[in-house]
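Secondary and tertiary structure notes
For reference, the chains in residue letters:
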Amino acid sequence: MPQKPIVATDERAFFAIDHYGFPRAGQDDPSDPATYYPPYFRSERFQRLGYHVQQLRGGFHWVTSGGYDAAFVVTDDGVVAIDAPPTIGENMLAAIADVTDEPVTHVVYSHWHADHIGAAAVYGADVEIIAHRITGELLERFPDPLRPPPTTVFDDDLTLVVGGVTLELSYKGENHCPGNIFIHAPAEKVLTAVDIVSPGSVTFMHCDASQNIMGWYQAQAQILEYDFDYFVGGHHMHFGTYDDVRTCVEYFADVLDGATAAVERFSRSDALLTVLDGAGWDRVFVGTENWINSMANHATKYVLEKETSTGQLWWERLAGATSQTEYHAYTVLESIRLERPRPDYRLRGANPPVFLT
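Now for a look at the structure at hand. The model shown is predicted, which means the values in this text are computed figures rather than measured ones.

**So, the nonpolar core**
- The biggest cluster of nonpolar side chains holds 56 residues, and the ones touching the most others in it are Phe 60, Leu 167 and Leu 169.
- Not counting the four nearest positions on each side in its chain, Leu 167 is found in contact with Phe 60, Val 73, Val 80, Leu 158, Thr 159, Leu 160, Ile 183, His 184 and Ala 185.
- Ranked by size, the runner-up nonpolar core spans 47 residues in total, among them Phe 228, Cys 248, Ala 296 and Val 303.

**Concerning the sheet that holds strand 10 (residues 182-185)**
- The strand order across the open sheet formed by five strands is 8-9-10-11-12, and the pairing between neighbours is mixed. Each having just a single partner strand, strand 8 (157-162) and strand 12 (230-232) make up the two edges of the open sheet. Between one strand and the next, the sheet's axes are offset by a mean angle of 20 degrees, whatever the strand orientation.
- Judged from the three bridges that link them, strand 9 (residues 165-170) and strand 10 form a sheet pairing that is antiparallel. Each bridged residue has a counterpart across the sheet, and for Ser 170 the counterpart in strand 10 is Phe 182.
- Across the sheet, helix 6 (residues 213-224) touches strand 10, strand 11 (190-193) and strand 12, and the angle it forms with strand 10 is around 10 degrees.

**Details of the pairing of strand 1 (residues 52-57)**
- Bridge analysis of strand 1 against strand 2 (residues 60-64) gives five bridges, and the strand direction is antiparallel. Following the sheet pairing, His 52 is matched in strand 2 by Thr 64.
- In this antiparallel pair of consecutive strands, strand 1 and strand 2, the connection spans two residues, and Gly 58 shows a positive phi of 60 degrees.

**Considerations on the sheet that holds strand 6 (residues 128-132)**
- In space, the seven strands of this open sheet follow the order 1-2-3-4-5-6-7, with mixed pairing throughout. In the strand order of this sheet, the two ends are held by strand 1 and strand 7 (152-154), each with one partner. The average undirected angle you get between the axes of adjacent strands in this sheet is 20 degrees.
- In this sheet, strand 7 lies alongside strand 6 in parallel orientation, the contact comprising three bridges. Residue pairing in the sheet places His 132 in a bridge with Phe 154 of strand 7.
- Helix 2 (residues 91-99) contacts strand 1, strand 2, strand 3 (69-75), strand 4 (78-82) and strand 5 (104-108) of the sheet and is inclined by roughly 35 degrees relative to strand 3.

**What to know about the packing of helix 8 (residues 269-279) against helix 9 (residues 284-305)**
- The N-to-C vectors of helix 8 and helix 9 enclose an angle of 135 degrees; their axes lie 8 Å apart at closest approach. Classified by the interaxial angle, the pair formed by helix 8 and helix 9 is oblique. Here helix 8 and helix 9 pass one another in a crossing that is right-handed. Counting all contacts with helix 8, which are made through Leu 272, Val 275, Leu 276 and Ala 279, the residues of helix 9 involved are Val 284, Val 286, Gly 287, Thr 288 and Trp 291.

**Observations concerning the pattern of salt bridges**
- Tallied over the full model, the rule gives 14 salt bridges.
- Residues Asp 227 and Lys 189 are paired through a salt bridge, measuring 3.3 Å at the closest nitrogen-oxygen approach. Here the residue Asp 227 occupies a position in the loop between helix 6 and strand 12, and Lys 189 occupies one in the loop between strand 10 and strand 11, the gap between them amounting to 38 residues.
- In this structure Lys 189 comes out as partly exposed when scored by relative accessible area, which is 23%.
- Linking Glu 334 and Arg 337 is a salt bridge whose minimum nitrogen-to-oxygen distance equals 2.4 Å. Within this pair, Glu 334 and its partner Arg 337 are both found in helix 11 (residues 321-339), separated by three residues, close to a single helical turn. Judged on exposure class, the residue Glu 334 and its partner Arg 337 are both buried.
- Look at the salt bridges and you will find they share partners, linking Arg 57, Lys 189, Asp 227 and Asp 229 into a network.

Calculation criteria
- Residues numbered from 1 in each chain as written.
- Predicted model: local features only at pLDDT ≥ 70, side-chain atom pairs only at ≥ 80, totals over all residues.
- Heavy atoms only, no water.
- Core = buried A, V, L, I, M, F, W, Y, C linked by side-chain atoms within 4.5 Å.
- Buried < 20%, exposed > 50% of the residue type's maximum accessible area, 1.4 Å probe, protein only.
- Contact = heavy atoms within 4.5 Å.
- Pairing = 2+ DSSP bridges.
- Helix = DSSP H or I, 4+ residues; strand = E, 2+ residues; numbered from the N terminus.
- Axes fitted to C-alpha atoms, helices over the stretch in contact; angles between N-to-C directions.
- Parallel < 35°, antiparallel > 145°, perpendicular 65-115°, else oblique.
- Left-handed = near helix turned anticlockwise from the far one by under 90°.
- Salt bridge = Lys/Arg side-chain N within 4 Å of Asp/Glu carboxyl O.

The following block contains the structure:
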């Protein structure tokens, strides 16, 4: 499917850099890749009950609502649950009951966000809850009866051994949010790292609403350092493989490249002044909005037109590429402007040299 060209207008209300402003940079949205929607998604059972459970290896099981993922591990001494998204809710208990009569004895929180642990109360009051110390602090600060605070916290690493099953919990610094951890089952070769990448898709807009984009990119590289065959990312239709994760990392590397080029080309003091002159100095926010839009659209066009390592375009490989890339581009270019080293700054005097803004 050919790339739809960017549409510009000569109307005076259109103020942009090189016609990369308000009109969307992209194409008429094609269908998601056919492989993105697995058979369970259209099954009568899933449509009726709203969940799917699948054994990955040994006692490690993946549970999904089609939009959110969680997991549990069956051990000789009970079940260890990982997260409790409200969109799965009591279906976590149903999924566990599909597999075993063992009770849930331990719960691991990936991080504190309600969309991933906002149904944790379903596990009852007698479970041990393990989380990073920051997660515990946030849940104490913002109490929620549906997200009971952890009973065990750790700072850097914790090895949880239950009924002969080992889970290695690690905190490598803020990424998606403070306290977001890696959960590795070395024997089963399953890695859980939530809200970093979503296998089969480009994930949700704005880098999955992540808070530290430099840390989030760093977490992608850290994931690839693990030895795993299966990956649980917290979202969408699929668990993943190592290659699935590597595909997502390749996509976001292209987003970073496109955003970097856009910042270097458009986030210049002279380019910004051009946009402000066009919008009028009594409409500075209109001008600055379209200055940012110009960068986001330029980066989006770069990503959607780039031939990837397989010879395909990204919308042919990952679901959501044409609709979500512009949001990722905005978030990443703002990360470049806010979090990364600047090459220069304004010099004193009249008509100073151009600098990045």
